[in-house]
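# Summary of structural features
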Amino acid sequence: MTGNILVLTDRRYRDQLQPLGMVNSLLKRGARVSVFDETQVHTRQWREAVRTCDLLVARGRQPRLLEALDRAREEGARVLDAADSIENVRDKRLMTAAFADAGIPMPHTVIGSVSDVLDSDLVYPLICKPIFGDNSAGLVIVDTPEELAALTWPEPELIAQEYHPGDGVDLKLYVIDDTVTAVRKASPITGCRVTELGAVALTDHLAGLARRCAALFDLNLCGVD
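Here goes a summary of the coordinates provided. Source: prediction; values computed, not measured.

## With respect to unusual backbone geometry
Cis geometry marks the peptide bond from glutamine 18 to proline 19, where omega comes out at 25°. Summarising the element assignment, proline 19 is placed in helix 1 (residues 17-28). That bond from tyrosine 124 to proline 125 is cis: its omega, 5°, falls within 30 degrees of zero. One non-glycine residue, aspartate 177, lies in the positive phi region at around 60°.

Printed below as a string of structure tokens:
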């Protein structure tokens, strides 16, 4: 494989398995890879890298990163994926509305203030999520209306969904263009009581669901929890 690949990642992700796994895989295949984060997008080195790259791959959702990604696309760089597609999944309000409009099954969801959620018909327990959360940051499970009323939420709005406790394992579907793989991962929310983790068989139903989610936001690289 030949080519000049530019990877733009959130600074907090630089030492994570991704994008490191992708970078190492590309290097083994003979690609030339340069990695930048949002703190470096105003440098001469960045501008030169954008000008000479064959493909710019984004791994992140930090606003400065998305701005730099959009500028690079406007300057003629081939990008994967586009900033507006990433923004639509960064904002969980937009994402939830898009899922509903597309008829993709979702838990019963209310978006609004704590008072709005208290006045809703959601069935407890609930999982509360920040509008711009990612990597499972800021998730809170409440078992009763009293717990929700006592919750100090740092933002004007939250996303509240009916929560169905499992066995501490999440099913993650990874999409790379038309390829889908399924992995069982320890849940970041509850303690994992299962020892068999890793790759699992993929059903046609799950593959179709993952591809629908990716196509809905025009994403070539994404994960579905």
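## Comments concerning the pairing of strand 10 (residues 179-186)
In terms of strand pairing, strand 9 (residues 169-176) meets strand 10 through eight bridges, oriented antiparallel. Bridge pairing in strand 10 links valine 175 to valine 180. In sequence, strand 9 turns back onto strand 10 through a hairpin of two residues, with aspartate 177 there showing a positive phi of about 60°. Of the pairings in the sheet, the one linking strand 10 to strand 11 (residues 198-200) comprises three bridges and is antiparallel in character. Along strand 11, the bridge assignment pairs alanine 182 with valine 200.

## As for the sheet that holds strand 6 (residues 126-129)
What links the strands of a sheet is backbone hydrogen bonding, and the strands pair in either a parallel or an antiparallel sense. Pairing is antiparallel in the open sheet, where four strands are placed in the order 5-8-6-7. Lying at the two open borders of the sheet, with one neighbouring strand each, are strand 5 (109-112) and strand 7 (140-142). Strand after strand, the sheet turns through a mean of 25° between neighbouring axes, direction not considered.

## Considerations on the side chain of aspartate 91
Of note, aspartate 91 is situated in the loop between helix 4 (83-90) and helix 5 (92-102). With residues near it in sequence (within four places) discarded, aspartate 91 still touches Ile131 and Phe132.

## Re the packing of helix 5 against helix 8 (residues 204-216)
Interaxial distance between helix 5 and helix 8 falls to 11 Å at its minimum, and their mutual angle equals 120°. With respect to each other, helix 5 and helix 8 are oriented oblique. For the crossing formed where helix 5 meets helix 8, the hand is right-handed. Facing helix 5, whose interface residues are Ala98, Phe99 and Ala102, helix 8 presents Arg212, Cys213 and Leu216. When its residues are assigned to classes, the contact of helix 5 with helix 8 shows five nonpolar, no polar and one charged.

## Remarks on the nonpolar core
Core analysis: the biggest nonpolar cluster contains 36 residues, and Leu6, Leu8, Trp46, Leu56, Leu69, Leu173 and Phe217 have the highest contact counts within it. The element best represented in this core is helix 3 (residues 63-74), accounting for five residues. Excluding residues within four positions of it along the chain, leucine 6 makes contact with Ser34, Phe36, Trp46, Ala49, Val50, Cys53, Leu55, Leu56 and Val57. Formed by twelve residues, the second largest nonpolar core is a distinct cluster that contains Leu126, Cys128, Leu148 and Ala160.

## So, the packing of aromatic side chains
Tallying each qualifying case throughout the model produces two aromatic pairs. Between phenylalanine 36 and tryptophan 46 the ring centres are 5.5 Å apart and the planes differ by 70°, which places this aromatic pair in the edge-to-face class. Of this pair, phenylalanine 36 sits in strand 2 (residues 32-37) while tryptophan 46 sits in helix 2 (residues 44-52), and the two are ten residues apart along the sequence. Residue classification places phenylalanine 36 among the buried residues on the basis of a relative accessible area of 10%. For tryptophan 46, a relative accessible area of 5% corresponds to the buried category. For the ring pair phenylalanine 99 and phenylalanine 217, a centre distance of 5.6 Å and an interplane angle of 85° mean the geometry is edge-to-face. Highlighted residues: phenylalanine 99 in helix 5 and phenylalanine 217 in the loop between helix 8 and strand 12 (221-224), separated in sequence by 118 residues. Here phenylalanine 99 and phenylalanine 217 have matching classes, each one buried.

What counts, and at which threshold
Residues numbered from 1 in each chain as written. Predicted model: local features only at pLDDT ≥ 70, side-chain atom pairs only at ≥ 80, totals over all residues. Heavy atoms only, no water. Helix = DSSP H or I, 4+ residues; strand = E, 2+ residues; numbered from the N terminus. Pairing = 2+ DSSP bridges. Axes fitted to C-alpha atoms, helices over the stretch in contact; angles between N-to-C directions. Contact = heavy atoms within 4.5 Å. Parallel < 35°, antiparallel > 145°, perpendicular 65-115°, else oblique. Left-handed = near helix turned anticlockwise from the far one by under 90°. Nonpolar A, V, L, I, M, F, W, Y, C, P; charged D, E, K, R; others polar. Core = buried A, V, L, I, M, F, W, Y, C linked by side-chain atoms within 4.5 Å. Buried < 20%, exposed > 50% of the residue type's maximum accessible area, 1.4 Å probe, protein only. Phe/Tyr/Trp six-rings, centres within 6.5 Å; stacked < 30°, edge-to-face > 60°.

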